[in-house]
Amino acid sequence: GQHQPKQETLRMPSLPKAAWQRLSCRTFSFLLSFEIPPYELICGNKKSTAFAVEESLPLMNCFLSPCTTSCPIHQDIPAYLQAMEEGRPYDAFRIIVEKNALPFITGTLCPHTCADRCMRNHYEEGLHIREVKLQAAESAYDTYMSEPKRPAPKASGKKVAVIGAGPAGLASAFFLSRAGVETVVFEKRPEAGGIVKYAIPHFRIEDRKIEKDVKLC
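The rules behind the values
Residues numbered from 1 in each chain as written. Predicted model: local features only at pLDDT ≥ 70, side-chain atom pairs only at ≥ 80, totals over all residues. Heavy atoms only, no water. Helix = DSSP H or I, 4+ residues; strand = E, 2+ residues; numbered from the N terminus. Buried < 20%, exposed > 50% of the residue type's maximum accessible area, 1.4 Å probe, protein only. Contact = heavy atoms within 4.5 Å. Areas by Shrake-Rupley, 256 points an atom, 1.4 Å probe, with all protein chains shown as cover. Phe/Tyr/Trp six-rings, centres within 6.5 Å; stacked < 30°, edge-to-face > 60°. Axes fitted to C-alpha atoms, helices over the stretch in contact; angles between N-to-C directions. Parallel < 35°, antiparallel > 145°, perpendicular 65-115°, else oblique. Left-handed = near helix turned anticlockwise from the far one by under 90°. Salt bridge = Lys/Arg side-chain N within 4 Å of Asp/Glu carboxyl O. Pairing = 2+ DSSP bridges. Right-handed = clockwise from strand over helix to strand, strands pointing away.

Peer 1: Report on the overall build of the chain, specifying residues and quantitative values.
Peer 2: Regarding its fold elements, the chain presents 11 helices and 5 strands. Looking at the chain as a whole, 38% of its 217 residues qualify as buried. Taking all contacts inside the chain whose residues are at least 6 apart in sequence as the whole, residues at least 24 apart take part in 58%. By element, 55% of the accessible surface of the chain is carried by carbon and sulfur atoms, the whole surface being about 13,300 Å².

Peer 1: Outline the packing of aromatic side chains, listing residues and values.
Peer 2: Pairs of aromatic rings are described using the distance from one ring centre to the other and the angle between the two planes. This model, assessed by the stated rule, comprises 3 aromatic pairs. Arranged with centres 4.9 Å apart and planes meeting at 85°, the rings of Phe174 and Phe175 form a pair that is edge-to-face. For Phe174, a relative accessible area of 7% corresponds to the buried category. Residue classification places Phe175 among the partly exposed residues on the basis of a relative accessible area of 29%.

Peer 1: Let's hear about the environment of Lys154: which residues, and what values?
Peer 2: Mapped onto the elements of the fold, Lys154 is located in the loop between helix H8 (129-146) and strand S4 (159-163). Take Lys154: its relative accessible area is 79%, and that puts it in the exposed class. Residues Lys154 and Arg178, spaced 24 residues apart in sequence, show a C-alpha to C-alpha distance of 9.9 Å.

Peer 1: Tell me about the packing of helix H4 (residues 77-85) against helix H5 (residues 89-97), residues and numbers included.
Peer 2: Following both chains from N to C, one finds H4 and H5 inclined at 165°, their axes separated by 7 Å at the closest point. Taken as axis vectors, H4 and H5 run roughly antiparallel relative to one another. The crossing of H4 and H5 is left-handed. Two secondary-structure elements touch here, H4 through Ala79, Tyr80, Ala83 and Met84 and H5 through Pro89, Asp91, Ala92, Ile95 and Ile96.

Peer 1: Give me the pattern of salt bridges: which residues, what numbers.
Peer 2: Evaluated as defined, the whole model comprises 8 salt bridges. Notably, a salt bridge pairs Asp91 with Arg88, separated by 2.8 Å at the nearest N-O pair. The class for Asp91 is partly exposed, based on a relative accessible area of 32%. Judged by relative accessible area, which is 32%, Arg88 ranks as partly exposed. Among the salt bridges present, the one from Lys197 reaches Asp207, with a minimum N-O distance of 3.5 Å. Of this pair, Lys197 sits in helix H10 (residues 194-198) while Asp207 sits in helix H11 (residues 207-216), and the two are 10 residues apart along the sequence. With relative accessibility at 12%, the residue Lys197 sits in the buried group. Overlapping salt bridges, with partners in common, bring together Glu138, Glu206, Arg208, Lys209 and Lys212 in one network.

Peer 1: Break down the pairing of strand S5 (residues 182-186) for me, with residues and values.
Peer 2: Pairing analysis gives 5 bridges linking S4 to S5, with the strands arranged parallel. Across the sheet, the residue bridging to Val162 is Val185, located in S5. With helix H9 (residues 167-178) bridging S4 and its parallel neighbour S5, the resulting β-α-β unit is right-handed.

Right, dumping it as structure tokens:
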């Protein structure tokens, strides 16, 4: 009969147990694609065989997106990364501001735990998610701000006073007003920005970035 190549069981002792639990069978298949002989992949109760392929790895190969689940606001990170890869920064920016009121501040100062959870860490390095977010903001901000704004939602009849124009206050006002809630922000300092404006050194974040987020909110 036809010769069948010898099957070998995958062993990766260098991966911690938590990594085995996070990685999908599909991701392991991509890992194994660099090996010439076929391997039998055991993932939970499932088995599959991976062979060498002559193609580059895609930008994203996640069945689930650990970057999104680890993000405090659950940004649709794969969607805006894909838009940027396809040369559509405006679409990427619109995706970002659906859940993120401060794209310049978070694109500069965010601790980006999303990158720590990126699946690509297991075979090269994580995607530079925070940097891509900032690139989208820098590329599309002026176009976005020059467009006619979406019609204001029907007024809810509610009024809210936000005390403090720091990042939390600005984001609150941004989403409240988007939901049709009349919102007024009170700030004792001359300018908005809070701790980002008055405590973080200028070499970490430029004033122009803070000002753009304030205008966006």
